[in-house]
Amino acid sequence: MNAYIFPGQGAQFSGMGLDLYENSPLAQELFEKANKILGFNITDTMFEGSAEDLKETKVTQPAIFLHSVILAKTLGENFKPDMVAGHSLGEFSALVAAGALTFEDGLKLVSQRAQAMQKACELQPSTMAAVLGLDDDIVEKVCATTEGVVVAANYNCPGQLVISGDVDAINKACETLKEEGARRALVLPVGGAFHSPLMEPAREELAAAIENTTFSKPNCPIYQNVTASAITDENEIKANLISQLTAPVRWTQSVQQMIADGATHFTEVGPGKVLQGLVKKINRESETASATLEPNS
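Residues numbered from 1 in each chain as written. Predicted model: local features only at pLDDT ≥ 70, side-chain atom pairs only at ≥ 80, totals over all residues. Heavy atoms only, no water.

**Some points on helix H7 (residues 103–123)**
Inference 1: Between its first and last C-alpha atoms H7 spans 31 Å; for 21 residues at 1.5 Å apiece the expected length is 30 Å, and the two agree.
Inference 2: Regarding H7, the residues found buried are Phe 103, Gly 106, Leu 107, Leu 109, Val 110, Ser 111, Arg 113, Ala 114, Ala 116, Met 117, Ala 120 and Cys 121.
Inference 3: Contacts made by the buried residues of H7 are with helix H2 (25–38), helix H5 (57–74), helix H6 (90–97) and helix H10 (200–211). (Helix = DSSP H or I, 4+ residues; strand = E, 2+ residues; numbered from the N terminus. Expected span 1.5 Å × (residues − 1). Buried < 20%, exposed > 50% of the residue type's maximum accessible area, 1.4 Å probe, protein only. Contact = heavy atoms within 4.5 Å.)

As structure tokens, this is what we get:
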């Protein structure tokens, strides 16, 4: 069975999407539509901007979403998922690709999400850290016993977990995790504590926007970050999407469940190959590939 997976923040690169724009009339039309919806020419930053320009949250999230969704749409008849999943932001790309959200509504929600997260980041100094080489339960225990806000945020693959919280708590937790035998506990260059209780203001803001958006039944099950299980009910999809900002990304568990449900081949749709690497670390037997533009689409 074919699983299509969609990357999240961090996969951006300068020049992203330019090949789609130059080689596909459909892609060109969708990029121009995106510029109008956003009210600025995101294509200028995607195609010609520096890595620094692309780091700006209001650009990063829509840029990755557009790259993934437009690539999926250029695949046409060749896009035949039995199941989909997206890592954090990638969940919105997956929902549009699977027909649960329109392109326009998906882009508007992603833009609102980016701005709401940016505002939440500015309320309190917060950050994230990658922890390598420890079992999840040890990381969870350290988070639970560290003073301040610090939680497990991204279960990326066995032995790779990202924690999220206020700056002091993250620094303390990193010291303890190194003492516990972590190969690395490294603070990440991110603007805030994504997937933690500190995102509550953003969750509330995004909840209103999601509630006012029409969702349809997806063409195939989506394995959502919050539950790591197959979901097709529109109301469940909405509820999980709202919870996602303050809940952990259960990527390891999602991939394991997709494999248990029959997935043998994972195609990454969008910039980079990060998710393919994580899938291989979760299950070496799984086949992985990158989606590529179909000519004359």
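**So, the pattern of salt bridges**
Inference 1: Inspection of the entire model under this criterion finds four salt bridges.
Inference 2: Its salt-bridge partner being Glu 104, residue Lys 33 comes within 2.9 Å of it at the nearest N-O pair. Placement of the pair is Lys 33 in helix H2 and Glu 104 in helix H7, with a sequence separation of 71 residues.
Inference 3: Looking at Lys 33, the relative accessible area reads 31%, which means it is partly exposed.
Inference 4: Given a relative accessible area of 26%, Glu 104 falls into the partly exposed group.
Inference 5: The salt bridge involving Glu 52 is made with Lys 55; its shortest N-O contact spans 3.8 Å. (Salt bridge = Lys/Arg side-chain N within 4 Å of Asp/Glu carboxyl O.)

**Quick word on the nonpolar core**
Inference 1: By size, the foremost hydrophobic cluster in this structure holds 64 residues, and its most contacted members are Phe 6 and Leu 66.
Inference 2: With nine residues, H5 is the single largest residue contributor to this core.
Inference 3: Val 131, Ile 170, Ala 173 and Ala 185 belong to the second-largest nonpolar core, a separate cluster that totals 18 residues. (Core = buried A, V, L, I, M, F, W, Y, C linked by side-chain atoms within 4.5 Å.)

**Remarks on the pairing of strand E1 (residues 2–6)**
Inference 1: In terms of burial, E1 is a largely internal element, four of the five residues being buried.
Inference 2: Here four bridges tie E1 to strand E9 (residues 265–268), and the two strands are oriented parallel to one another. Bridge assignment links Tyr 4 to a residue of E9, and that residue is Thr 267.
Inference 3: Of the pairings in the sheet, the one linking E1 to strand E2 (residues 83–86) comprises four bridges and is parallel in character. (Pairing = 2+ DSSP bridges.)

**As for the pairing of E9**
Inference 1: Covered by surrounding structure in E9 are His 265 and Thr 267 together with Phe 266 and Glu 268, the residues of both alternating faces.
Inference 2: Strand direction decides the pairing type here: E9 and strand E10 (residues 287–290), joined by four bridges, are parallel. The residue bridging Glu 268 from the neighbouring strand is Ser 290, located in E10.
Inference 3: Where the polypeptide runs from E9 across helix H13 (residues 274–282) and back to E10, its parallel neighbour, the crossover connection is right-handed. (Right-handed = clockwise from strand over helix to strand, strands pointing away.)

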